Amino acid sequence: MEFKRAAFLTKIVVLALLIYMATSVLDLRGKIQEVQLQRDELAQQVTDQQLENKELSDAIENSDDPDMLKRVARERGYVEQDETLFIDVAN
């Protein structure tokens, strides 16, 4: 009888350990997915920042280019002499 009781207690202990390990694995899996999402967001931010840096360095390199100056002026709403600016107020 003593052996049966010890075997039963051993089974309960092993079952409890398995349940604990399963919940730990599921918890770690959720944390891994969270960290992977954060990593992907940060990678996207790095890509966006690199693109913005490239655009800014191109703008610096071409800052004395007349066509570039003309384009920037038009983006800011400036017009050339003898041009008429029409503003769409319907929107």
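Keep in mind the model is a prediction, meaning the values are calculated, not measured.

Examining the overall build of the protein
Alright, step 1. For the protein, the count of helices and strands is 2 helices and 0 strands.
Alright, step 2. In terms of overall size, the protein is more extended than a compact globule, its C-alpha atoms giving a radius of gyration of 33 Å where 91 residues would be expected to give roughly 12 Å.
Alright, step 3. In terms of overall dimensions, the protein has C-alpha extents of about 110 × 40 × 10 Å along its principal axes.
Alright, step 4. Each of the 91 residues in the protein was classed as buried or not, and the buried ones make up 1%.
Alright, step 5. As displayed, the protein offers around 9,100 Å² of accessible surface, 60% of which is attributable to carbon and sulfur atoms.
Alright, step 6. Averaged over its 11 positive side-chain charges, the protein has a centre that lies 21 Å from the centre of its 18 negative ones.

A few points about a nonpolar patch on the surface
Alright, step 1. Side chains of V14, L18, Y20 and M21 sit close together on the surface and give an oily, nonpolar patch of about 440 Å² of accessible area.
Alright, step 2. Following the sequence through the fold, L18 ends up in helix α1 (residues 2–61).
Alright, step 3. Judged by relative accessible area, which is 51%, L18 ranks as exposed.

Side note on the pattern of salt bridges
Alright, step 1. In this structure the tally under the stated criterion is 7 salt bridges.
Alright, step 2. Across the pair R71 and E75 runs a salt bridge whose closest N-O atoms are separated by 2.7 Å. With R71 and E75 both in helix α2 (residues 66–75) and 4 residues apart, this pair spans about one turn of that helix.
Alright, step 3. Between R74 and E80 there is a salt bridge, and its shortest N-O distance comes to 3.7 Å.
Alright, step 4. Since its relative accessible area comes to 39%, R74 is described here as partly exposed.
Alright, step 5. Overall, E80 belongs to the partly exposed group, its relative accessible area being 36%.

Description of unusual backbone geometry
Alright, step 1. Even without being a glycine, D82 presents a positive backbone phi close to 75 degrees.
Alright, step 2. Mapped onto the elements of the fold, D82 is located in the segment after α2.
Alright, step 3. According to the relative accessible area criterion, D82 is exposed, its value standing at 81%.

Examining the environment of S57
Alright, step 1. Along the chain, the position of S57 falls in helix α1.
Alright, step 2. The spatial distance from the C-alpha of S57 to the C-alpha of D88 is 33 Å, given a sequence separation of 31 residues.

Conventions we followed
Residues numbered from 1 in each chain as written. Predicted model: local features only at pLDDT ≥ 70, side-chain atom pairs only at ≥ 80, totals over all residues. Heavy atoms only, no water. Helix = DSSP H or I, 4+ residues; strand = E, 2+ residues; numbered from the N terminus. Rg over C-alpha atoms; globule rule 2.2 N^0.38 Å. Buried < 20%, exposed > 50% of the residue type's maximum accessible area, 1.4 Å probe, protein only. Areas by Shrake-Rupley, 256 points an atom, 1.4 Å probe, with all protein chains shown as cover. Lys, Arg positive; Asp, Glu negative; His and termini not counted. Charge placed at Lys NZ, Arg CZ, Asp CG, Glu CD. Patch = residues over 30% accessible without salt bridge, like charges linked within 9 Å, V, L, I, M, F, W, Y side chains within 5 Å. Salt bridge = Lys/Arg side-chain N within 4 Å of Asp/Glu carboxyl O.

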